[in-house]
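# Coordinate inspection notes
The lines below spell out each chain.
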Amino acid sequence: MKGAMAVIRLAYHWGAFGFLIGAAVFLTIPSVPSWAQEEVTSKIYRYRERVATGYYEGYEVSPRRARAILETPGIRRDRFSIGASAAAVRIRTHLPDSHRGLKFYYRTTCIECHPGQARNLHSMRAGITCRQCHGPEPIAAINHYYSAMNTIRRHAYVCSKCHEGATASFSGFYVHEPPSTALSTRESFPLLFYTSWGMLVLLLGTLAFFVPHSFMVGFRELLDKTKAPESSVGKLANSVSHRIMGGIRKLFEKKKVPENEVDDAA
Amino acid sequence: MQQIRRFTPIQRGFHLILMLTFVIQSATGLARMYVGTGWGKQLTDLFGGYPNTLTIHKWVGLLMLFAFIIHLIYILATINWRGLPGSIYGPDSLIPRLEDIGQSIRHVGWILGLNGPPRFDRWAYWEKFDYWAVFWGICLLGGTGLILYNPVISSRFIPGWALNVLLWIHRIEATLAMAHVFLIHFFIGHLRRENFPMDLVMFEGGIDLEKARHERPDWVERMENEGALQNVLVAKSTLSLRVIYHVFGFAIVIGCLYLLVNAFLNAHRLMG
């Protein structure tokens, strides 16, 4: 027994020592890059032959996995049916001018073609207009490689204008959020869909039980024959409820009277 | 008339802080949720515009969490650690017991006229539900609120789209909390026959002995059998205090009902 305890104590002490050392080392690491903000490691060489100015390089991150929306059904066309070269001009979210070739484009406003997109936290709460984020004409598509709205540099060129210190992960917040409980959101943003419905079921379930429960308790207590003594303030309520209940009782008594009279007459 | 002490001054203080912060959080939260409507705009103007409303919401939220931490320390300090586990499982504790299930079934039976009333001890099952609903509600709202407090910092540790999800959790849980307080809690505190027009127990701290004997016979009997009843008898609060309690209570109720009604009336504008 004694030997076993000694071994356990020794293991415990070394374990605690190791934990403290580990914690100290962990805390002194200046910034631990989390998986949500991984910067491109080969930022100098990766796009060298394709970068025109090199101007963005210091801020860019890889177009990567921290995206919740997989795909918005009905908007994105099948790549294979269009073909790679056709896609480069026909998928508007990839064009340098996303509105290229639209007839009477300069006579329209943004929300005529994008209804509902103005209902977002930025425009409703801070009065931010479309072009403050999406840029002046020609409005580059959000997925075009050189667009400021491209997710590899959106945090640096759009978000940081107001949110100082915004990271690539921060720019992953959906300003144009899909309706959280709509069925289409189950395909595009499943976590939001299931979480919202889970919370809504909790909300509706609680109310569905406790609202009828409270009102039924209240009604049953009005009818309580074993009347409890009321507090001085409640005496008024007592008399009012007695009058109401007395009135209801009389109603029922009156209904019974004719039956008795009929019986008597017979 | 003599009263049994039901809440200590510290517990009443917790409730007072909770209700004040809750009302402010409801008003500032609804104002921002409804800022796209005329009513929400008015409400944010009341707090000095949208940015100020958000600032107030954040600071009062921190105050609420601070009070919650104090409450946790209070719980840890008042638990009888030597008597565990029996000491926190007794009838004076808010921990749910097996008896609560039987009492709730019997209570529903009494409501439907199937059997006699259940004999409640100190806490009825819906009161325990109320306490734990607020407890976990503050954990959920406070947790999501803390993460949303500074999205630039928090998005370094979680992906940005998680903030969309957390915001909806925060909103729906807050809606649940407000609906529960404004509909159910107010009904129980004000419109039940025994409590109309206002149940003062959370302000006075005491409940009339005869009322307690009728509503919670097992509690009073247990006290009498233990010989502890004399120790918890207190005098009723003075008339002036009761007037203050009523004025204060109804001011809160009217303010909250204003929020509830306008939130309902403007709800369809949120969808459009």
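Residues numbered from 1 in each chain as written. Chains lettered and ligands numbered in written order. Predicted model: local features only at pLDDT ≥ 70, side-chain atom pairs only at ≥ 80, totals over all residues. Heavy atoms only, no water.

## As for the overall build of chain A
Per the secondary structure count, chain A includes 10 helices and 0 strands. Secondary structure elements in chain A, listed N-terminal to C-terminal, are α-α-α-α-α-α-α-α-α-α. Counting only residues that meet the buried cut, chain A has 29% of its 266 residues in that class. A fraction of 48% describes how many contacts in chain A between residues 6 or more apart in sequence connect residues 24 or more apart. (Helix = DSSP H or I, 4+ residues; strand = E, 2+ residues; numbered from the N terminus. Buried < 20%, exposed > 50% of the residue type's maximum accessible area, 1.4 Å probe, protein only. Contact = heavy atoms within 4.5 Å.)

## Focus: the environment of Cys-110 of chain A
Residue and element names in this part refer to chain A. Structurally, Cys-110 is set in helix H4 (residues 110-113). Through-space distance from the C-alpha of Cys-110 to that of Cys-130 is 7.6 Å; in sequence the pair is 20 residues apart. Once residues within four sequence positions are removed from consideration, Cys-110 is found in contact with Cys-130 and Arg-131.

## Digging into the interface of chain B and chain A
Note: interface size is frequently given as the accessible area lost on complex formation between the parts. Contact residues are listed per partner, giving 52 residues for chain B and 59 residues for chain A. Regarding the contact of chain B and chain A, the summed buried area is about 5,100 Å², with carbon and sulfur atoms giving 67% of it. Inspection of the region where chain B meets chain A yields 1 salt bridge. When the shortest N-O distance is used, the salt bridge between Arg-192 of chain B and Glu-221 of chain A registers 2.7 Å. On the surface where chain B and chain A come into contact, there are 15 residue pairs in polar contact (both at pLDDT 80 or more). Listed by contribution, the elements that provide at least two residues to the side of chain B that touches chain A are helix H1 (9-33), helix H4 (98-111), helix H5 (125-149), helix H6 (151-154), helix H7 (161-191), helix H9 (209-215) and helix H12 (239-271) of chain B. In terms of residue class, the side of chain B that touches chain A is built from 31 nonpolar, 10 polar and 11 charged. (Buried area = accessible area lost by both parts, 1.4 Å probe. Salt bridge = Lys/Arg side-chain N within 4 Å of Asp/Glu carboxyl O. Polar contact = N/O pair within 3.5 Å; in protein donor to acceptor, adjacent residues only side chain to side chain. Nonpolar A, V, L, I, M, F, W, Y, C, P; charged D, E, K, R; others polar.)

## Remarks on the nonpolar core
All names here are of chain B. Ranked by internal contacts, the top residues of the largest apolar core, which has 26 residues, are Phe-22, Leu-30, Trp-39, Phe-182 and Leu-259. Contributing elements (two or more residues each) for this core: H1, helix H2 (38-46), H7 and H12. With 7 residues, H12 is the single largest residue contributor to this core. Excluding residues within four positions of it along the chain, Phe-182 makes contact with Phe-22, Ser-26, Cys-256, Leu-257, Leu-259 and Leu-260. (Core = buried A, V, L, I, M, F, W, Y, C linked by side-chain atoms within 4.5 Å.)

## Section: the packing of aromatic side chains
The description of an aromatic ring pair uses the distance of the two centres, along with the angle that the planes make with each other. All told, the structure shown has 24 aromatic pairs over all chains when counted by the stated rule. Consider the rings of Phe-120 of chain B and Tyr-125 of chain B, whose centres lie 6.3 Å apart with planes at 45°: the pair is tilted. Tyr-125 of chain B gets classed as buried once you look at its relative accessible area, which sits at 11%. What links up through ring pairs into an aromatic cluster is the set Phe-68, Tyr-131, Trp-132, Phe-135 and Trp-136 of chain B. Its guanidinium or amino end placed over the ring of Tyr-145 of chain A, Arg-153 of chain A lies 5.3 Å from that ring's centre, counting from NZ or CZ. (Phe/Tyr/Trp six-rings, centres within 6.5 Å; stacked < 30°, edge-to-face > 60°. Lys NZ or Arg CZ within 6 Å of the ring centre and 35° of its normal.)

## Some details on the sheet that holds strand S1 (residues 2-5) of chain B
Residues and elements named next belong to chain B. Judged by pairing direction, the sheet is antiparallel, and its 3 strands sit side by side in the order S2-S1-S3 without closing on themselves. Each edge of the sheet is formed by a strand with only one pairing partner; in this case those strands are strand S2 (206-208) and strand S3 (233-235). Strand after strand, the sheet turns through a mean of 50° between neighbouring axes, direction not considered. In this sheet, S2 lies alongside S1 in antiparallel orientation, the contact comprising 3 bridges. Considered in S2, the bridge of Gln-3 is made with Asp-208. (Pairing = 2+ DSSP bridges. Axes fitted to C-alpha atoms, helices over the stretch in contact; angles between N-to-C directions.)

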